[in-house]
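Listed below are the residues making up each chain.
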Amino acid sequence: MFDKHPSTHRGYPRPALDSAIDVRPLRRGEEAEWHRRIGHPSVDELSAALAAGEERFHVARCGPRWVGFLAGVRRGASFRVHALRAAHGSARNALILALSRLGPSEIRTGDPELAAALRLHGFRQSGCEVLVGRSLRADLPPAPARLTLRPAREGFGELVRRVLVGAPGRADVARLCGARPDGVEAELGGRPAGVMLPERDGVVGWLALVGLVPEVRGRGLGRELHAAGLAELRRRGATVYRDRTDENNLPMLRVFAANGCEVDGVEHGFIHDGVQP
Ligand SMILES: CC(C)(COP(=O)(O)OP(=O)(O)OC[C@H]1O[C@@H](n2cnc3c(N)ncnc32)[C@H](O)[C@@H]1OP(=O)(O)O)[C@@H](O)C(=O)NCCC(=O)NCCS
């Protein structure tokens with residue numbers, strides 16, 4: 001039987017597409033126009049991104065007119081939408097459906113309106129992360145009393161794999177388990193107990209992973225390990241700490257709070273497989 005609205009969400013029909021609207025990546029030569037309308041990033045940054053072949057910027061056009069803009073950042077397998085602006089609903093629909101053509105990416109957004117629109121278009125919610133942050137200039141929590149820290153050694157990838165057992169929402173296992181010369185191992189009584197993966201971009205630092213093997217969890221060691229991670233990030237030159245964890249990871253959320261981190265917001269993740277452009 002013909003189903004008029006095959007992917008309805010709570011009774012709303014899937015938004016219709018206006019075939020007059022075309023969404024495509026920003027092209028070289030259009031940087032100044034984008035900058036004039038959106039204000040950021042700079043023309044030079046746009047040119048560099050386009051020269052590097054990065055598909056981070058898209059425009060929706062209706063004939064010669066620009067009717068919408070989409071900017072994001074690809075990180076690993078996910079595409080985080082920074083801004084989606086549209087002159088009207090049809091342009092927004094076209095931009096959202098363009099997101100489903102960005103490859104096998106998970107779409108991430110902290111904007112509740114865009115999250116609602118993605119659901120309406122049939123995107124499947126894959127998770128929700130809580131974003132936290134704190135200054136690394138302020139006093140840091142006390143250094144570990146029980147854990148001993150050392151640089152990653154042979155077998156680090158296997159230790160990372162054990163640490164990821166039971167960690168909610170970690171889809172990036174392969175990346176985390178790969179060779180990590182900058183990783184840090186924690187020992188308890190001479191045995192491997194945990195890992196942390198400090199990463200930094202300019203002044204902003206984060207821990208791509210902080211975790212303990214299952215046998216030693218629940219004894220307050222997570223707080224110690226995370227405190228050591230903050231100190232390590234500061235030692236490596238970061239002055240601001242920003243991190244995230246799955247909304248269901250209560251132990252990690254408690255560790256963040258205990259070590260002086262404040263919640264900055266949430267970020268929803270969506271998978272677009274099965275969405276018909
Ligand atoms: C997240 C993790 C590092 C926390 O370390 P931990 O040593 O287990 O946690 P702690 O013993 O320090 O406890 C931290 C808080 O969580 C609470 N908690 C711990 N386990 C809990 C559980 N299973 N259910 C509910 N609360 C729990 C503790 O009561 C404590 O709360 P409090 O500060 O209010 O007393 C650890 O559980 C872990 O390695 N998990 C797997 C990897 C992971 O998820 N890493 C984070 C994502 S990158």
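Parameters at a glance
- Residues numbered from 1 in each chain as written.
- Predicted model: local features only at pLDDT ≥ 70, side-chain atom pairs only at ≥ 80, totals over all residues.
- Helix = DSSP H or I, 4+ residues; strand = E, 2+ residues; numbered from the N terminus.
- Buried ≥ 20, exposed ≤ 12 C-beta atoms within 10 Å, placed from the backbone.
- Pairing = 2+ DSSP bridges.
- Near = placed C-beta within 6 Å.
- Nonpolar A, V, L, I, M, F, W, Y, C, P; charged D, E, K, R; others polar.
- Domains from an automatic or database assignment.
- Contact = placed C-beta atoms within 7 Å.
- Axes fitted to C-alpha atoms, helices over the stretch in contact; angles between N-to-C directions.

Caption draft 1: Local environment of the overall build of the protein chain. Check the secondary structure of the protein chain and you find eight helices and 12 strands. When each of the 277 residues of the protein chain is scored for burial, the buried share is 35%.

Caption draft 2: Layout of the pairing of strand β5 (residues 106-109). As defined by bridge partners, strand β4 (residues 78-86) adjoins β5 across three bridges and the pair is classed as parallel. Its bridge partner being in β5, S78 is matched across the sheet by E106. Here β5 runs beside strand β12 (residues 262-271); their pairing, made up of four bridges, is antiparallel. The residue bridging E106 from the neighbouring strand is I271, located in β12.

Caption draft 3: Here's a closer look at the site of the ligand. Around the ligand sit 22 residues, and of these A167, G211, R217, G222 and R254 come closest. Looking at the shell around the ligand element by element, the count peaks at six residues for helix α8 (residues 250-258). Residue composition of the shell around the ligand, by class: 11 nonpolar, seven polar and four charged.

Caption draft 4: Broad picture of the domain arrangement of the protein chain. Partitioning the protein chain into structural domains gives domain 1 (21-122) and domain 2 (133-268). The C-alpha centroid of domain 2 is placed 33 Å from the C-alpha centroid of domain 1. Listed by partner, the interface residues are five residues for domain 1 and six residues for domain 2.

Caption draft 5: Structural context of the sheet that holds β12. Sheet architecture is open: 12 strands sit in the order β1-β2-β3-β4-β5-β12-β6-β11-β10-β9-β8-β7, paired in mixed fashion. The sheet is open, and its two borders are formed by β1 (21-25) and β7 (148-151), each paired with just one other strand. Across the sheet, the axes of successive neighbouring strands diverge by a mean angle of 30°, strand direction being ignored. Here strand β2 (residues 57-62) pairs with strand β3 (residues 65-75) via six bridges, running antiparallel. By the bridge assignment for β3, R61 is matched with W66.

Caption draft 6: Representation of the pairing of β12. Here strand β6 (residues 124-135) pairs with β12 via nine bridges, running antiparallel. Pairing of G127 across the sheet is with G269, part of β12.

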